[in-house]
Amino acid sequence: VIIYRESPAGIEPRHLAGFFVGWPNPPQPDTHLQVLLHSDAIVLAVDDATGQVVGYITAITDHVLAAYIPHLEVLPNYQGTGIGRALVERMLDKLRDIYMIDLVCDPDVESFYEKIGFRKVGGMCVRNYDRQAGTLPPGLSGNGHQAG
Ligand SMILES: CC(C)(COP(=O)(O)OP(=O)(O)OC[C@H]1O[C@@H](n2cnc3c(N)ncnc32)[C@H](O)[C@@H]1OP(=O)(O)O)[C@@H](O)C(=O)NCCC(=O)NCCS
């Protein structure tokens, strides 16, 4: 059974294995946990049988007009079962008082988002690829995983 949670309470790095599929320099689980702790809103899909996180979505927001969704991922073994849609719908509900909700995606997932009500716009971005594994916030132990 998949349980949806909106808090990182009780989540440990060991519950966050297998994400960032295809990233050349992926964040480690302890860095991933910091992403969850420092986001303004999250929804986690947890496999009740194992306690493992099998999908997650995050948002950052000014709490007035704008929100951005940097991360959505469902583990490969759990894709195609409605978890991705559920994560997005639950996040959109959490952000229902916000005017603009944006994300950036590759063309291969545009139809996934269109089914949930997103529409296509143009976008621009910068990527500091040497920081892809993440830089932990000051004062947090990185266990040597900081990039660079
Ligand atoms: C994209 C992703 C989150 C979808 O999650 P999922 O749990 O497999 O999706 P769901 O099972 O909820 O699918 C919902 C609907 O979208 C469709 N869909 C799923 N993945 C799709 C894709 N890649 N392209 C087009 N449609 C897709 C499903 O067929 C389903 O359609 P239906 O409602 O008509 O049956 C998942 O494939 C994933 O994690 N991919 C890798 C990371 C990624 O690309 N994240 C997005 C970053 S912007």
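Everything numeric in this text was worked out from a predicted model, so none of it was measured.

## Notes on the packing of aromatic side chains
Enumeration according to the criterion identifies five aromatic pairs in this entry. Aromatic rings pair up to connect Phe19, Phe20, Trp23 and Tyr56 into one cluster.

## Here we look at helix 1 (residues 29–38)
Here helix 1 has its buried residues at Asp30, Thr31, His32, Leu33, Gln34 and Leu36. Among the structural elements, strand 2 (41–47) and strand 3 (53–61) are those in contact with the buried residues of helix 1.

## Re the confidence of the model for the protein
The predicted model of the protein has a mean per-residue pLDDT of 94, with 94% of residues at 70 or higher. Across residues 144–148, where pLDDT falls below 50, the model places 15 contacts with residues more than four positions away in sequence or in other chains.

## What about the site of the ligand?
Around the ligand lies a shell of 18 residues, among which Val74, Gly80, Gly82, Gly84 and Arg85 are the nearest. Interatomic distance of 3.4 Å between a side-chain N/O atom of glutamine 79 and an oxygen atom of the ligand. Contact with the protein chains covers 66% of the free accessible surface of the ligand, which is 900 Å². One can see that the ligand is located within the largest pocket. Those elements giving two or more residues to the shell around the ligand turn out to be strand 4 (66–74), helix 2 (83–94) and helix 3 (110–116). Ranked by residues supplied to the shell around the ligand, first place goes to helix 3 with four residues. Across the shell around the ligand, the residue classes tally to eight nonpolar, six polar and four charged.

## Considerations on the sheet that holds strand 1 (residues 2–5)
Strand order in the open sheet formed by five strands is 1-2-3-4-5, and the pairing between neighbours is mixed. At either margin of the open sheet sits one strand with a lone partner, and together these are strand 1 and strand 5 (100–102). Sheet twist, expressed as the mean angle between neighbouring strand axes with direction ignored, is 15°. Here strand 3 runs beside strand 4; their pairing, made up of six bridges, is antiparallel. In the sheet register, glycine 55 faces strand 4, and the bridge partner there is valine 74. Along the sheet face, helix 1 touches strand 2, strand 3 and strand 4 and points at about 45° away from the line of strand 3. Along the sheet face, helix 2 touches strand 1, strand 2, strand 3, strand 4 and strand 5 and points at about 150° away from the line of strand 2.

Parameters at a glance
- Within every chain, residues take consecutive numbers counted from 1 along the sequence as written.
- Thresholds applied to this predicted model are a pLDDT of at least 70 for local features of residues and 80 or more for the giving and counting of side-chain atom pairs; totals over whole chains, interfaces and linings are not thresholded and use all residues.
- By convention in this description, side-chain values take in all heavy atoms of the structure and omit both hydrogens and water.
- Between the rings of Phe, Tyr and Trp (Trp by its six-membered ring), a pair exists once the centres lie within 6.5 Å; its type follows the angle of the planes, with under 30 degrees stacked, over 60 edge-to-face, and the other angles tilted.
- Throughout this description, buried means an accessible area under 20% of the type-specific maximum (1.4 Å probe, protein chains only), exposed means over 50%, and partly exposed covers the range between.
- Helix and strand assignments come from DSSP, with helices taken as H or I runs of at least 4 residues and strands as E runs of at least 2, each series counted from the N terminus.
- By the convention used here, residues are in contact when the closest approach between their heavy atoms is within 4.5 Å.
- Across the chain, each position has a pLDDT score giving the predictor's confidence in that residue, from 0 to 100.
- In these notes, residues near a molecule or strand are those with any non-hydrogen atom within 4 Å of it.
- Any N or O atom pair separated by 3.5 Å or less is treated as a polar contact, with the protein-specific requirement of one donor-capable and one acceptor-capable atom, and with residues adjacent in sequence counted only for side-chain atom pairs.
- Calculation of accessible area relied on Shrake-Rupley with a 1.4 Å probe; when residues are assessed, cover is drawn exclusively from the protein chains displayed.
- A pocket, in this scheme, is an open set of points on a 1 Å grid over the protein atoms alone with protein on both sides within 12 Å along at least 5 of 7 lines, while a cavity is a set where a 1.4 Å probe fits but cannot get out; residues line either one if an atom lies within 4 Å of a point.
- Cavity and pocket membership follows a simple rule, namely that a molecule belongs there if more than half of its atoms are within 2 Å of the grid points.
- Think of it as three bins: nonpolar holds Ala, Val, Leu, Ile, Met, Phe, Trp, Tyr, Cys and Pro, charged holds Asp, Glu, Lys and Arg, and polar takes everything else, Gly as well.
- Should DSSP find at least two bridges between two strands, the strands are taken to pair.
- Axis definition: a line fitted to C-alpha atoms, limited for helices to the stretch in contact. Angles are taken between N-to-C directions and run from 0 to 180 degrees.

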